[in-house]
Amino acid sequence: MPEHASEVTAAAIARLAGVGRAAVSNWRRRHGDFPRPVGGTEASPTFELTAVERWLRDQGKLAVVPLHERVWQQAEAYPAGTPAALRLAGALMMLIRERPEASAAYTGATDAEFAVRLPADLHGVLAARFGRRHPVRLPQTLDDAVPLLRATARLALDTGPGQAYEFLLGRYLDANPRQFTLTPADPAGLMAALAGDRPGSVLDPACGSGTLLRAAGAVDAVLAQEADPDLAALTALRLALATDPGVRVRVRAGDSLRADAFPGPAVDAVLCHPPFNDRNWGHDDLGYDPRWEYGFPARTESELAWLQHALAHVREGGAVVMLMPPAAASRRSGRRIRADLLRRGTLRAVIALPAGAAPPYGIPLHLWVLRKPAADHRPGAELLVVDAAAISGQGAEKTPWHTLRATVLDAWHAFDVLGTTESRPGVSRAVPVIELLDDDVDLAPARHLPPPAAGGAAALEAVRDRLAATLRRTAELAPAPPAAGEPAHWPTTTIGELARSGALLMRAGGAGSAPAPDAGPAPAVLTEHDVVAGGGPTGVLPQAPPEGPAEEPVLVRAGDVVVPVLGGGAVARVIGEATAGAALGRNVYLLRPDTAALDPWFLAGFLRGTANNRQASSYASTSTRLDVRRLQVPRLPPSDQRRYGERFRTLAGFEEALRQASLLGEQLVRGLHDGLTDGTVRPE
């Protein structure tokens, strides 16, 4: 397709200009010269890219289109569809990465030479890495793909092939959220850690976008199967670009249960997030399949079918880690299979995660850790149960993974080495298998854990004393009756103007990756939930891609002001010494004022104004996003800023005291309830 024929949606226009969708709608209504739609539907029109760019440039809203956005626009507009464009882009990136001498030969080639010579090289590099039966199908001719491929090559050389492909694939997956069920990076990393240190070969029979296999780290072979042919092809390219060229990558398209693509090899580990509640998994067709070593699953037990499929593909002593719905631990239709897994010592641990850890986000999922027993294996006498559901945040990205991961792995490593572990009330316990083999074989962790100890009367007395002291401090910090005044009419400026003038530095969070293990510990991440809750950093940095160095995160300093941009709340927080050094998380902006011109407490206080936040927010159907650049602060001399800043600092102290009093009050009430019900506290 000629470059000028590319079309973009309103969302893509918003990304180009760095604004919200609402701003694009306003431009269409207010500006008669805004380009007319050339396609799409009435609800979701598309516009000619070059006309939109020209209009944005004329209006001073666009200086230059970033190269990565240009490549994405060309991929979206590719005649055969975005997946076909990403297959071509990924294959070219593999060629650039694995055969740089071949890719260099195209630098001076004409478009015709490019289209004629490139297909053979692309097919060659794909076959060498994936084998002959790979799912990455390319078109016969590349005449209409040359502009896309040239732009892709420039992007790969600028940012690295792996990072460039991650951007394009991530944008595609974000644009189709209902089409795919994806496993987030944090639970994927935990599952890989539970599988053990450096397995030689890893299989995911329902691989999705390949997140679990990427989390497995350095391995010798990666095997994957995915029912969606387009996603299978894109995942194959992702895994090839995320692993060393010597790693064997085999990805196949198809239904693993009905058409197993890997019936022969026994791998060292299987990681799997299978489809849940699938009544059409093959119950009527697979009744005599040899994979059902632990019992034929009922129609409603598709997850137990996937589990046995995974066990059939792992070597003796190999690990299987499955993400499971909580119902699989207690449904009566699966009790015989669960019982046999316990009797033979195959099932080693059941771990309850908080709701929001992985899709479907509304329920607290479980992790099942299994080991395929050897012929001379003596079954373990206990099952590890861990209830990490109490370590919960709010939503998929607000779970405190640093704490959760440490809690789970500490319990698992001790149990894995010794076959048992000390009980932690309310958290973990090694349960004798004999206790579980009743009529229900219910494996839900919460049902087998003693409640957290109330601590007895002495501990509750200490909590009460702390609460009393906190309430006294709260009363002391309570603001004095406010003095009446007229509404102020100060001259104001925006955060964007202050950033352009150098009065403050503005940075967005979310970038960065953990350093290599020998480079020291990685900083914790200050998430948007941490900012809203007023707590310390709880997030974890992702690992750097294998093909490139770790990307430096944005680190906060004492005196910085951090502002979350999602949710519609009026929140701004000044960073103290205790939080300094943390990495800035996604959807959080950092404002670092020049203290000679701006007082941090003055800045944070005025940013929290309700009217200020209302006028700087854009509203979508499901969320509210704050445009930090549009927030306003008054132009006041430093002496007045300090007076306001000191008052705002006092209010922050009062707010923190209220928060602590609330937490201590909840702890005291819960402890008294538990103590009265377990007998450690008497009514008298």
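So, how was this worked out
Residues numbered from 1 in each chain as written. Predicted model: local features only at pLDDT ≥ 70, side-chain atom pairs only at ≥ 80, totals over all residues. Heavy atoms only, no water. Helix = DSSP H or I, 4+ residues; strand = E, 2+ residues; numbered from the N terminus. Rg over C-alpha atoms; globule rule 2.2 N^0.38 Å. Areas by Shrake-Rupley, 256 points an atom, 1.4 Å probe, with all protein chains shown as cover. Pairing = 2+ DSSP bridges. Core = buried A, V, L, I, M, F, W, Y, C linked by side-chain atoms within 4.5 Å. Buried < 20%, exposed > 50% of the residue type's maximum accessible area, 1.4 Å probe, protein only. Contact = heavy atoms within 4.5 Å. Axes fitted to C-alpha atoms, helices over the stretch in contact; angles between N-to-C directions. Parallel < 35°, antiparallel > 145°, perpendicular 65-115°, else oblique. Nonpolar A, V, L, I, M, F, W, Y, C, P; charged D, E, K, R; others polar. Salt bridge = Lys/Arg side-chain N within 4 Å of Asp/Glu carboxyl O. Polar contact = N/O pair within 3.5 Å; in protein donor to acceptor, adjacent residues only side chain to side chain. Phe/Tyr/Trp six-rings, centres within 6.5 Å; stacked < 30°, edge-to-face > 60°. Expected span 1.5 Å × (residues − 1).

As recorded in an unreviewed UniProt entry, the protein goes by the name N-6 DNA methylase, listed as coming from Actinacidiphila polyblastidii.

Enquirer: What exactly am I supposed to notice about the overall build of the protein here?
Expert: Counting secondary structure elements, the protein contains 22 helices and 22 strands. Taking 684 residues into account, the globule formula puts the C-alpha radius of gyration at 26 Å, and the protein, at 29 Å, falls close to it. Seen through its C-alpha atoms, the protein measures out along the principal axes to roughly 90 × 85 × 50 Å. Just so you have it, the protein exposes about 32,200 Å², and 52% of that area is on carbon and sulfur atoms.

Enquirer: Please clarify how the sheet that holds strand S1 (residues 7-9) should be interpreted in this entry.
Expert: Whether parallel or antiparallel, the strands of a sheet pair through hydrogen bonds between backbone atoms. One open sheet accounts for three strands, arranged S1-S3-S2; its pairing is antiparallel. Edge positions in the sheet fall to S1 and strand S2 (39-40), since each of these pairs with one other strand and no more. Note: S1 against strand S3 (residues 45-48), three bridges, orientation antiparallel. Bridge pairing in S3 links Thr9 to Thr46.

Enquirer: Mind showing me how you'd approach the nonpolar core here?
Expert: Soluble globular proteins: nonpolar side chains tend toward being buried together. Judged by nonpolar contacts, the single largest core of 94 residues is most densely connected at Leu118, Leu122, Leu126, Phe130, Leu190 and Leu194. Among the elements that take part in this core, helix H5 (residues 82-98) stands out by supplying 11 residues, more than any other. Apart from the residues lying within four places of it in its own chain, the contact partners of Leu122 are Leu88, Ala91, Leu92, Leu95, Leu138 and Leu142. Val267, Val270, Ala305 and Leu370 belong to the second largest nonpolar core, which has 42 residues in total.

Enquirer: What is the right way to read the packing of H5 against helix H9 (residues 161-175) from this model?
Expert: Packing of H5 against H9 brings their axes to within 10 Å, and their N-to-C directions diverge by 170 degrees. In this view, H5 runs roughly antiparallel relative to H9, as classed from their interaxial angle. Contact with H5, carried on its side by Thr82, Pro83, Leu86, Ala89, Gly90, Met93, Ile96 and Arg97, involves Pro161, Ala164, Tyr165, Leu168, Leu169 and Tyr172 of H9 and no other residues of that element. Per-class residue counts for the contact of H5 with H9 are 11 nonpolar, two polar and one charged.

Enquirer: Explain the pattern of salt bridges here, please?
Expert: One side chain can pair with another of opposite charge once the charged atoms of both are near each other. If you walk through the whole model with that rule in mind, you get 25 salt bridges. For Glu69, the salt bridge goes to Arg171, with nearest N and O atoms at 3.0 Å. Placement of Glu69 in helix H4 (residues 67-76) and of Arg171 in helix H9 is noted, with a sequence separation of 102 residues between them. One exposure class covers both Glu69 and Arg171, and it is buried. Its salt-bridge partner being Glu98, residue Arg129 comes within 2.6 Å of it at the nearest N-O pair. In this pair, Arg129 is assigned in helix H7 (residues 111-130) and Glu98 in helix H5, connecting sequence segments 31 residues apart. If you follow the salt bridges from partner to partner, you end up with Arg97, Glu98 and Arg129 in one network.

Enquirer: Where do I start with the sheet that holds strand S4 (residues 201-204) in this structure?
Expert: Here nine strands make up an open sheet; going across it, the order is S6-S5-S4-S7-S8-S10-S9-S11-S12 and the pairing mixed. Each end of this open sheet is capped by a strand with a single partner; those strands are strand S6 (248-253) and strand S12 (428-432). Direction aside, neighbouring strands of the sheet carry axes that sit 15 degrees apart on average. Here strand S5 (residues 221-226) pairs with S6 via six bridges, running parallel. By the bridge assignment for S6, Glu226 is matched with Ala253. Of the strands in this sheet, S5 and S6 touch helix H12 (residues 229-242), which is tilted by about 175 degrees from S6. Packed on one face of the sheet, helix H15 (residues 401-418) meets strand S9 (347-352), strand S10 (366-371), strand S11 (382-387) and S12 and runs near 175 degrees to S11.

Enquirer: Explain the side chain of Arg429 here, please?
Expert: Tracing the chain through its elements places Arg429 in strand S12. Of note is the side chain of Arg429, whose polar atom sits 3.2 Å from the side chain of Glu435.

Enquirer: Looking at this structure, how should I read the packing of aromatic side chains?
Expert: Ring pairs (aromatic) are described by centroid distance and by the angle formed between their planes. Summed over the entire model, instances satisfying the criterion amount to 13 aromatic pairs. Ring centres of Trp27 and Trp55 lie 5.7 Å apart, and the angle between their planes is 50 degrees; on these two criteria the pair is classed as tilted. Within this pair, whereas Trp27 is found in helix H2 (residues 21-30), its partner Trp55 is found in helix H3 (residues 49-58), the two being separated by 28 residues in sequence. These aromatic residues form a ring-pair network of at least three members: Trp490, Phe602, Phe606, Tyr644 and Phe648.

Enquirer: Can you help me understand unusual backbone geometry in this one?
Expert: Note: most residues except glycine have negative phi, and most peptide bonds are trans. The step from Pro359 to Pro360 runs through a cis peptide bond, and the omega angle for that step is -5 degrees. We note that Asn277 has phi near 55 degrees; this positive angle belongs to a residue other than glycine. Note on placement: Asn277 falls in the loop between strand S7 (267-272) and helix H13 (302-312). If you check the backbone angles, Val441 has positive phi at about 50 degrees while not being a glycine. Its place among the elements puts Val441 in the loop between helix H16 (433-436) and helix H17 (456-477). A relative accessible area of 3% means that Val441 is categorised as buried.

Enquirer: What's the story with helix H20 (residues 600-607) in this structure? I'm lost.
Expert: Within an α-helix, residues lying three or four positions from one another point in the same direction, as the helix has 3.6 residues per turn. The buried fraction of H20 is high, at eight of eight residues. Those residues of H20 that fall on the buried side of the exposure criterion are Pro600, Trp601, Phe602, Leu603, Ala604, Gly605, Phe606 and Leu607.

Enquirer: Looking at this model, I keep getting lost on the environment of Arg133. Mind explaining?
Expert: Along the chain, Arg133 turns up in the loop between H7 and helix H8 (146-159). Along the backbone, Arg133 and Arg252 are 119 residues apart, and their C-alpha atoms lie at a distance of 7.6 Å. Apart from residues lying up to four places away in sequence, Arg133 is in contact with Val251 and Arg252.

Enquirer: Would you mind going over H5 with me for this structure?
Expert: For H5, spanning 17 residues, the distance from its first C-alpha to its last is 24 Å, which sits close to the expected 24 Å at 1.5 Å a residue. H5 sits mainly inside the fold: 16 of its 17 residues count as buried.

Enquirer: What should I look at first to understand the side chain of Asn587 in this one?
Expert: Take Asn587: it is sitting in the loop between strand S18 (583-584) and strand S19 (588-593). Of note is the side chain of Asn587, whose polar atom sits 3.4 Å from the side chain of Glu528.

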